[in-house]
Amino acid sequence: MKITNFKTFVYSTPWRNLTLFVIETDEGIEGYGEARVVGKTHTVIEYLKDVKRHIIGSDVFDIENLYKKFTLLDFGVSGEISMTGLALVEMACWDAIGKKTNLPVYKLLGGKVNNKIKAYANGWYKVGRDPQKFNVEAKKVISSGYRALKFDPFGNGNLELNRLEFKKSIEIIEAVVDAITDDTELLIEMHGRFAPHQAIEIAKAIEKFNPTWIEEPCRPDDLDALEYVRDHTCIPIATGERLYSAKQFNPIFNKRLAHIIQPDINQCGGIFEVKKICSTAESHSIMVAPHNVGGIISTTAALHLMTTLRNQKILEHFNDFTDNIVKNIGYPYPEVVDGYFKLPEGPGWGINIDFDFLDSNPPKTKDGIILDPGLNMFKSEHWNKRN
């Protein structure tokens, strides 16, 4: 079954673009992929045009050869753009394979280990940096059934916080702790902000709250800093959303620099490559919590992956608390019920796309370029409002 054509669609929100990728095949079967890349939506779409020679005529079953085309055959070292482009095509191929075989993707990846996947809420704290406001919003998350939530209380912090900002950040964390129940997991996002000494000071201040993890405490490519933080806190460390290949995870595994890895299917070459990374993580007793800032396809694909993992931990979810409208891109949407996602059903991803909705909601452009502002989280103190 060979690819004969492909199309891209973009749905925009004030802080993220969701790129939908559709392949057409010589058997009349379509396949769907999806990705979100910060600040480079237009670039990824143009890149896919550049590598059309790798896509058209490819057999959807030849996933490994697709990877070879996008990496080795183009000679340059693959990075965020090329691995995101590959992921879009690869995900669409898996969807088409599932439809051809009349099987859900997870059955093509080893079958199910888990019948439900725990979710954690993100994007819920769209308020000013006031502890009481965070407390109120956290209570809403708990009332909705979630038993895990993540947040970044550090404003536009970069390397260090001044004393007033440090105090405010800890007070916000304390306010959230006061709002949640004893069975709720507390996940602290650091977004790679800090110099190691600052990350350690924060960790020492919050160890008493037993957070599930601190995430990306230092710059994602500064592994010596990550090692230093690991050696000075008992809080588990999560990282990996800004690593784009299996090789980039090697030092994380070999030095045991993290307790939880967070590969992003959208930007790490697709679901098969991430499955391999997760299997290697298991051999090092490291758990997996995929990064997921996506819509219906990305979220569903992550669920198919996690269904097959023996070392899965939890899955991120934004769309109950910010940009709820993105659920209209397709159906059925994988809803969180009592804090968990259910097992995906149907052939392929089991998702239908509403192309009329996408056509009636085109992305904003300027001079022919799709606007992609991102969050500006190192400039704006109130980036978390996502508006």
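Structure's up top.
All values reported here derive from a predicted model rather than from experimental measurement. (Residues numbered from 1 in each chain as written. Predicted model: local features only at pLDDT ≥ 70, side-chain atom pairs only at ≥ 80, totals over all residues. Heavy atoms only, no water.)

## Quick word on the environment of Arg-129
Here is step 1: In this fold, Arg-129 is placed in the loop between β4 (116-121) and α6 (131-143).
Here is step 2: Overall, Arg-129 belongs to the buried group, its relative accessible area being 6%.
Here is step 3: C-alpha of Arg-129 to C-alpha of Phe-154: the two residues are 25 residues apart in sequence and 8.7 Å apart in space.
Here is step 4: Of note is the side chain of Arg-129, whose polar atom sits 2.7 Å from the side chain of Glu-165.
Here is step 5: For Arg-129, the side chain forms a polar contact with the side chain of Ser-169, separated by 3.3 Å. (Helix = DSSP H or I, 4+ residues; strand = E, 2+ residues; numbered from the N terminus. Buried < 20%, exposed > 50% of the residue type's maximum accessible area, 1.4 Å probe, protein only. Polar contact = N/O pair within 3.5 Å; in protein donor to acceptor, adjacent residues only side chain to side chain.)

## So, the pairing of strand β3 (residues 30-35)
Here is step 1: Most of β3 is tucked away, with 5 of its 6 residues classed as buried.
Here is step 2: Here strand β2 (residues 17-25) runs beside β3; their pairing, made up of 6 bridges, is antiparallel. Each residue of the ladder has a partner; that of Ile-23, found in β3, is Gly-31.
Here is step 3: Connecting the antiparallel pair β2 and β3 is a turn made up of 4 residues, with Gly-28 showing a positive phi of about 80 degrees. (Pairing = 2+ DSSP bridges.)

## Concerning the pattern of salt bridges
Here is step 1: This model, assessed by the stated rule, comprises 27 salt bridges.
Here is step 2: A salt bridge links Arg-163 to Glu-201; its shortest N-O distance comes to 2.8 Å. Linking Arg-163 in helix α7 (residues 163-179) with Glu-201 in helix α8 (residues 196-206), this pair joins segments that are 38 residues apart in sequence.
Here is step 3: Across the salt bridge formed by Glu-227 and Arg-230, the nearest N and O atoms sit 3.7 Å from each other. Of this pair, Glu-227 and Arg-230 are both found in helix α9 (residues 223-230), 3 residues apart, which corresponds to roughly one turn of the helix.
Here is step 4: In the salt-bridge network here, residues are joined through shared partners; they are Arg-129, Glu-165, Lys-168 and Glu-381. (Salt bridge = Lys/Arg side-chain N within 4 Å of Asp/Glu carboxyl O.)

## Remarks on the packing of aromatic side chains
Here is step 1: Following the criterion strictly, the structure yields 18 aromatic pairs and no others.
Here is step 2: Between Tyr-125 and Phe-134, the aromatic rings sit 5.6 Å apart at their centres with planes inclined by 40 degrees, giving tilted as the arrangement. Here Tyr-125 and Phe-134 have matching classes, each one buried.
Here is step 3: Lys-116 extends its terminal NZ or CZ atom over the ring of Tyr-340, reaching a point 4.3 Å from the ring centre.
Here is step 4: The aromatic ring of Phe-378 is capped on one face by Arg-193, whose charged end is 5.2 Å from the ring centroid. (Phe/Tyr/Trp six-rings, centres within 6.5 Å; stacked < 30°, edge-to-face > 60°. Lys NZ or Arg CZ within 6 Å of the ring centre and 35° of its normal.)

## Section: the packing of helix α11 (residues 271-283) against helix α12 (residues 296-307)
Here is step 1: Interaxial distance between α11 and α12 falls to 11 Å at its minimum, and their mutual angle equals 40 degrees. On the basis of the axis angle, α11 is oblique to α12. Considering the relative orientation of α11 and α12, their crossing is right-handed. For the pair α11 and α12, contact is made by Ile-271, Val-274, Lys-275 and Cys-278 and by Ala-301, His-304 and Leu-305, respectively.
Here is step 2: The class makeup of the residues in the contact of α11 with α12 is 5 nonpolar, 1 polar and 1 charged. (Axes fitted to C-alpha atoms, helices over the stretch in contact; angles between N-to-C directions. Parallel < 35°, antiparallel > 145°, perpendicular 65-115°, else oblique. Left-handed = near helix turned anticlockwise from the far one by under 90°. Contact = heavy atoms within 4.5 Å. Nonpolar A, V, L, I, M, F, W, Y, C, P; charged D, E, K, R; others polar.)

## Here's the deal with helix α1 (residues 41-50)
Here is step 1: Restricting attention to buried positions, one finds in α1 the residues Thr-41, Val-44, Ile-45, Tyr-47 and Leu-48. The arc that holds the buried residues of α1, viewed along the axis, is 155 degrees, so those residues lie on one side. Those residues of α1 that are exposed and angled more than 90 degrees off the buried face are Lys-49 and Asp-50.
Here is step 2: In the core, the buried residues of α1 are packed alongside β1 (3-12), β2, α2 (52-55), α3 (63-70), α4 (80-101) and β17 (369-370). (Arc of directions from axis to C-beta.)

## Some words on α3
Here is step 1: Among all positions of α3, only Ile-63, Leu-66, Lys-69 and Phe-70 are buried. Angular distribution of buried residues about the axis of α3 spans 115 degrees; they occupy a single face of the element.
Here is step 2: On its buried face, α3 is in contact with α1, α2, α4 and α11.

## Some thoughts on the sheet that holds β3
Here is step 1: In space, the 3 strands of this open sheet follow the order β1-β2-β3, with antiparallel pairing throughout. A single partner strand is all that each edge strand has here, and the edge strands are β1 and β3. For this sheet, the mean inter-axis angle between neighbouring strands, taken without regard to orientation, is 20 degrees.
Here is step 2: Each of β1 and β2 touches α1; the most contacted strand, β1, lies at about 175 degrees to it.
Here is step 3: α12 rests against β2 and β3 of the sheet, and its axis sits at about 95 degrees to β3.

## Things to note about the environment of Asp-183
Here is step 1: Mapped onto the elements, Asp-183 comes out in the loop between α7 and β6 (185-189).
Here is step 2: The partly exposed category is assigned to Asp-183, whose relative accessible area is 48%.
Here is step 3: Residues Asp-183 and Arg-147 lie 36 residues apart in sequence; the distance between their C-alpha atoms is 6.6 Å.
Here is step 4: A polar atom in the side chain of Asp-183 sits 3.5 Å from the side chain of Arg-147.
Here is step 5: A distance of 2.5 Å separates the side chain of Asp-183 from the side chain of Thr-181, its partner in a polar contact.

## Focus: the nonpolar core
Here is step 1: If you look at the biggest cluster of nonpolar residues, it comprises 116 residues, and the most contacted ones within it are Trp-124, Leu-149, Phe-151 and Ile-329.
Here is step 2: Looking at which element gives the most residues to this core, the answer is α4, with 10 residues.
Here is step 3: Other than its neighbours up to four places away in sequence, Leu-149 contacts Tyr-120, Ala-121, Trp-124, Ala-138, Val-141, Ile-142, Val-176, Ile-180, Glu-185, Leu-186 and Leu-187. (Core = buried A, V, L, I, M, F, W, Y, C linked by side-chain atoms within 4.5 Å.)

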